[in-house]
Amino acid sequence: MTPEWTSPDAFDLGMFPVVRAATASSRESRTVSENKEPHVAKFVYDFTEGNKDLKDLLGGKGANLAEMTNLGLPVPPGFTITTKACKVYLDSGAEPVALRDEVSAHLDALETQMSKKLGQPDNPLLVSVRSGAKFSMPGMMDTVLNIGLSDRSVKGLAEQAGDERFAWDSYRRLIQMFGKTVLGVDGELFEEALEAAKAAKKVHVDTDLEAADLKKLVTKFKRIVKTEAGRDFPQDPREQMDLAIEAVFNSWNTDRAKLYRRQERIPGDLGTAVNVCSMVFGNLGPDSGTGVAFTRDPASGHQGVYGDYLQNAQGEDVVAGIRNTVPLAELESIDKKSYDQLMQIMETLENHYKDLCDIEFTIERGQLWMLQTRVGKRTAGAAFRIATQLVDQGLIDEAEALQRVSGAQLAQLMFPRFDEEAKVQQVGRGIAASPGAAVGKAVFDSYTAVKWSRSGEKVILVRRETNPDDLDGMIAAEGILTSRGGKTSHAAVVARGMGKTCVCGAEELEVDTKRRRMTVPGGHVVEEGDVISIDGSSGKVYLGEVPVVPSPVVEYFEGRMHAGAQDADELVEAVHRIMAFADRKRRLRVRANADNAEDALRARRFGAQGIGLCRTEHMFLGERREMVERLILADTEEVREAALTELLPLQKKDFVELFAAMDGLPVTVRLLDPPLHEFLPDITELSVRVALAESRQEPHENELRLLQAVHRLHEQNPMLGLRGVRLGLVIPGLFTMQVRAIAEAAAERKAAKGDPRAEIMIPLVGTVQELEIVREEADQVIAEVEAATGAQLKLTIGTMIELPRAALTAGQIAEAAEFFSFGTNDLTQTVWGFSRDDVEASFFTAYLEKGIFGVSPFETIDKDGVGSLVKLAAEAGRKTRPDLKLGVCGEHGGDPESVHFFHEVGLDYVSCSPFRIPVARLEAGRAASESAGSDHR
């Protein structure tokens, strides 16, 4: 059965009947879409020429408008200026030479379709000019509606629509948007003038202003433009359109757009497309309106009717949250015909895109128009629920389900939530826009949020409504609270995209940003700096700090909540299923960085398949530190042997517990690798003690001897000094003591019918000769323990690759190593020449802001530099020893993007902190699924 909207004759366009013929004509001329970029070199494409797979060229909005046109949905005619044109403009500072002629040709065609001219006095064609990048950047770039209106054409529009108020309302909106967006006028000046007009009329909403009031407002708006911009508001409609197109291009490089791209890791060289679309009007009266709809709840993932609708309004009113909307479900009682048609279109789009769709629409005098669709942003919980729902519906398979979620989203789900049993003082409730539990000091502007956050304060950004200029404050804040707006407002959409807790539309809270305070029901005043708590899952707002409890997802991973059990909710079930998909798909094994039995047991519960890094230096902290100090400073063999003898049983006990916790799984033990200064007395403190003793003529021979020894061993750069394998070679017996402890512990576990699988890792090797010497000594010790216990231990010996020279000579090192583990923390330091403890605080912020880094190289692997060495070493090592086991044990092992890289270069496992193991498991499955998909394409 053909859906109703596919028939052009089904459109009742009221004031614009000619669009029916134009839409039918466009549909007849449409050719079959191709899943590749058109070969013809041009800068402008009609909506009938593209498809959803051309996002690189047409941007997300343009590609999806074309796709909806292809599906026969009611889309107003228009055309898209490509991202290529934008890139030429941004690179050269001027539009492409051919662009104006191409725009003119498409505008002529649009005018012919519509049987009217842009801005003509008697029957004006009006258009919108909207941005549309490849990746959604909600509210970050510019839009101008109602282009074509002027002092002359506003009268023609009033006559054409039979509604003088509508025409003047549209004109004041154009001047306001054009003034702010194109001419750079402070938007607050227009808002203040609008508020003054409502106050003079003694009304609360702009829809209560009459035509005469709006005429006066237009005059005032034009005076603001003249004063602030130094020019008159342009009356030439083509000048309006050209300037608006240029403003959209320029909006790609605004501070807020660049900040958002850095936050979301969107490349800065993509540029934005520009969509020029014939206007349809939601502000024509009570039978008109505008809205945003989701095919599923973007906050929870549940199926149903979700979205916002606003009668007698234009689209920007909904997103800006200036007027509170009604739930989309109420549209059924307002305009059942449009509601039913919208529900049918939403189902069509979700089945077509096979995903949650975010839809913008306008109803013009009872006629529904589709203005945009895109795959919708969603919360982490919704992402997991929706992925499993779509599998159950047969729309996607398990492999695709893995691509619909991410490790970053899983990490969000593992954050704590508010304790429902705690005594709380609830002072308000809004819309649960983006889940999470956020606690912080209330601040009322973006500047303060950033300033306080940088000084270490946790803050909640409180606003009546947010706008794109609030982005830096939203990033800095723990959460966002607004008194206006709904689930589709700017605050909600941006917060969901960032995984930030958000409560919107808490109408009972009176926010006074000028006086920096918020009044709650009952008259209590929250001043700036007072602590509040917001629950983005329930929409509740509390005074003071509410205690938090572990996430149910963490409880599930720790075995305290079982999927399928009575107390497991839908979210845990969804996570359980997705993790099962990932574990079935992944090739990479996931180990833990753990130094004691407690951490090892927790890691095992989280799904660890062994320990990839046990840092033995952590076993020597606390009471044992003095023993290591005596060992390092020993000036006779007797003192050194005594220290080693004292340490051996303690080390053995540590390893017995660790091997028992990880029984049957590999445990990679890194021999001692501290920067030397970590186990020596502080040289300044010791010098002061000696100086004081001398001044008081007190005995200080021991302190003086210790100070001389510390001076002898003092290093200017301890991270590149006497540590790792160098320490083992310089201090006789140190590494052999550790190897003996490992071997004896393994033998004890064997005797207890255990299955120890120890791997001995030599740190900071730079040349094969170092490894060969240590290996020879280790093999001898292992043989002695085997002879003494009768156990066959099968201990393997390998090394960390954490120096550039080790990576470059990996083929040689593999002759003496049975495994490599890439220590990417130190490898990053040595490749970049960075001291991590210093550079992150001193200049990384500037590097990130200037775009030198998209992300810190200590957070995500530097593929071009560090990654190239990892790849080179892996290939060279396996060329020498084909069965060489390869892993990574730096923090990159738990970073989602880095896990994909390690899969690509053929490592066998990644190792990370216990809490990140589920993230690494998921990303390893996603990497394998993505790789398999690429192989089949």
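The structure this text deals with has already been given above.
Values in this document were obtained by computation on a predicted structure and should not be read as measured data.

Caption draft 1: A look at the overall build of the protein chain. Counting secondary structure elements, the protein chain contains 37 helices and 31 strands. Of all 937 residues assigned to the protein chain, the portion counted as buried reaches 57%. Summarising the internal contacts of the protein chain: among those between residues at least 6 apart in sequence, 68% fall at separations of at least 24. As displayed, the protein chain has an accessible area near 38,400 Å², and 48% of this comes from carbon and sulfur atoms.

Caption draft 2: Structural view of the sheet that holds strand β21 (residues 531-535). The sheet built from eight strands is open, its strands ordered β12-β22-β21-β14-β15-β16-β17-β13 with mixed pairing. Only two strands of the sheet have a single partner each, and these edge strands are β12 (425-429) and β13 (431-434). Looking at each pair of strands side by side, their axes are set apart by 30° on average, direction ignored. Pairing analysis gives three bridges linking strand β16 (residues 479-482) to strand β17 (residues 501-504), with the strands arranged parallel. Opposite isoleucine 480, over in β17, you have cysteine 502 as the bridge partner. Sheet strands in contact with helix α17 (residues 446-454) are β14 (437-443) and β15 (459-463), and its direction is about 110° off that of β14.

Caption draft 3: Quick look at the side chain of threonine 373. With respect to the element layout, threonine 373 can be found in strand β10 (residues 367-375). Of the polar contacts made by the side chain of threonine 373, one reaches the backbone oxygen of aspartate 358; its length is 3.4 Å. Threonine 373 has contacts with Asn64, Met68, Leu349, Tyr353, Cys357, Asp358 and Ile359, leaving out every residue within four places of it along the chain.

Caption draft 4: Structural detail: the pattern of salt bridges. The full count for this structure, using the stated rule, is 53 salt bridges. For glutamate 210, the salt bridge goes to lysine 201, with nearest N and O atoms at 3.4 Å. For aspartate 355, the salt bridge goes to arginine 404, with nearest N and O atoms at 3.3 Å. Of this pair, aspartate 355 sits in the loop between α13 (336-353) and β9 (357-364) while arginine 404 sits in the loop between α15 (398-403) and α16 (407-413), and the two are 49 residues apart along the sequence.

Caption draft 5: Region of interest: the sheet that holds strand β7 (residues 303-311). Read from one edge to the other, the open sheet built from five strands follows the order β8-β7-β6-β9-β10, with strand pairing classed as antiparallel. For this open sheet the edge positions go to β8 (326-327) and β10, each flanked by a neighbour on one side alone. As paired strands, β9 and β10 are joined by eight bridges and run antiparallel to one another. Across the sheet, threonine 362 pairs through a bridge with tryptophan 369, a residue of β10. Each of β6 (289-296), β7, β9 and β10 is contacted by α13, which is oriented at about 25° to β10, the strand it contacts most.

Caption draft 6: The packing of aromatic side chains, seen in detail. For the coordinates displayed, the defined rule picks out 20 aromatic pairs. For the ring pair phenylalanine 166 and phenylalanine 281, a centre distance of 4.9 Å and an interplane angle of 80° mean the geometry is edge-to-face. Here the residue phenylalanine 166 occupies a position in helix α6 (residues 164-181), and phenylalanine 281 occupies one in the loop between β5 (272-278) and β6, the gap between them amounting to 115 residues. Residue classification places phenylalanine 166 among the buried residues on the basis of a relative accessible area of 0%. On the accessibility criterion, phenylalanine 281 (1% relative accessible area) is buried. Plain terms: the ring middles of phenylalanine 655 and phenylalanine 659 are 6.1 Å apart, the flat faces sit at 15° to each other, and that makes the pair stacked. Taken as a pair, phenylalanine 655 and phenylalanine 659 lie in helix α24 (residues 637-661) at a separation of four residues, close to a single helical turn. The residues phenylalanine 655 and phenylalanine 659 share a single accessibility class, namely buried. Among the aromatic residues, those joined into a ring-pair cluster are Trp832, Phe834, Phe843, Tyr847 and Phe853. Sitting over the ring of tryptophan 252, arginine 261 keeps its end group 4.0 Å from the ring centre. Sitting above the plane of the tyrosine 909 ring, arginine 591 keeps its charged end 3.8 Å from the centroid.

Caption draft 7: Structural detail: the pairing of strand β30 (residues 885-888). Judged from the four bridges that link them, strand β29 (residues 819-822) and β30 form a sheet pairing that is parallel. Counted as the bridge partner of serine 821 is glycine 887 from β30. Relative to strand β31 (residues 909-912), β30 runs parallel, the two sharing two bridges. Paired with valine 888 across the strands is valine 910, a residue of β31. Chirality of the crossover, the property in question, places the unit of β30, helix α36 (residues 896-904) and β31 among those that are right-handed.

Caption draft 8: Main features of the packing of α6 against helix α8 (residues 211-229). One way to put it is that α6 packs onto α8 with a least axis distance of 9 Å and a crossing angle of 20°. Between α6 and α8, the angle is such that the two are roughly parallel. Crossing of α6 over α8 shows left-handed handedness. Facing Glu164, Arg165, Trp168, Asp169, Tyr171, Arg172, Ile175, Gln176 and Gly179 of α6, the residues of α8 in contact are Ala211, Leu214, Lys215, Leu217, Val218, Phe221, Lys222 and Val225. Tallied by class, residues from the contact of α6 with α8 come to nine nonpolar, two polar and six charged.

Caption draft 9: A look at unusual backbone geometry. Backbone geometry at lysine 354 places phi at a positive 55°, although glycine is not the residue there. On the basis of relative accessibility, which here comes to 37%, the residue lysine 354 falls in the partly exposed class. In this structure, arginine 516 takes a positive phi of about 55° despite not being glycine. Relative to the helices and strands, arginine 516 resides in the loop between β18 (510-512) and β19 (517-519). By relative accessible area, arginine 516 is classed as partly exposed at 30%.

Caption draft 10: The arrangement of the packing of helix α14 (residues 380-392) against helix α21 (residues 570-585) in detail. Where α14 contacts α21, the two axes come as close as 9 Å, and the packing angle between them is 65°. Between α14 and α21, the crossing angle belongs to the class labelled roughly perpendicular. Crossing of α14 against α21: the hand is left-handed. Residues Gly381, Phe384, Arg385, Ala387, Thr388, Val391 and Asp392 of α14 form the contact with α21, whose own contacting residues are Glu570, Leu571, Ala574, Val575, Arg577, Ile578 and Phe581. Residues of the contact of α14 with α21, tallied by class, amount to eight nonpolar, two polar and four charged.

Caption draft 11: Quick look at empty space enclosed by the protein. Inspection of the entire model under this criterion finds five cavities of 30 Å³ or more. Counted as a void, the largest cavity has a volume near 140 Å³. Residue assignment for the lining of the largest cavity shows that the elements contributing at least two residues are β3 (127-133) and β5. With three residues, the top contributor of residues to the lining of the largest cavity is β5. When grouped by side-chain class, the residues that make up the lining of the largest cavity number six nonpolar, seven polar and one charged.

The rules behind the values
Residues numbered from 1 in each chain as written. Predicted model: local features only at pLDDT ≥ 70, side-chain atom pairs only at ≥ 80, totals over all residues. Heavy atoms only, no water. Helix = DSSP H or I, 4+ residues; strand = E, 2+ residues; numbered from the N terminus. Buried < 20%, exposed > 50% of the residue type's maximum accessible area, 1.4 Å probe, protein only. Contact = heavy atoms within 4.5 Å. Areas by Shrake-Rupley, 256 points an atom, 1.4 Å probe, with all protein chains shown as cover. Pairing = 2+ DSSP bridges. Axes fitted to C-alpha atoms, helices over the stretch in contact; angles between N-to-C directions. Polar contact = N/O pair within 3.5 Å; in protein donor to acceptor, adjacent residues only side chain to side chain. Salt bridge = Lys/Arg side-chain N within 4 Å of Asp/Glu carboxyl O. Phe/Tyr/Trp six-rings, centres within 6.5 Å; stacked < 30°, edge-to-face > 60°. Lys NZ or Arg CZ within 6 Å of the ring centre and 35° of its normal. Right-handed = clockwise from strand over helix to strand, strands pointing away. Parallel < 35°, antiparallel > 145°, perpendicular 65-115°, else oblique. Left-handed = near helix turned anticlockwise from the far one by under 90°. Nonpolar A, V, L, I, M, F, W, Y, C, P; charged D, E, K, R; others polar. 1 Å grid on protein atoms, 1.4 Å probe; cavity = no way out; pocket = protein on both sides within 12 Å on 5 of 7 lines; lining within 4 Å. Points joined across faces, edges and corners; volume = space filled by probe spheres on them.

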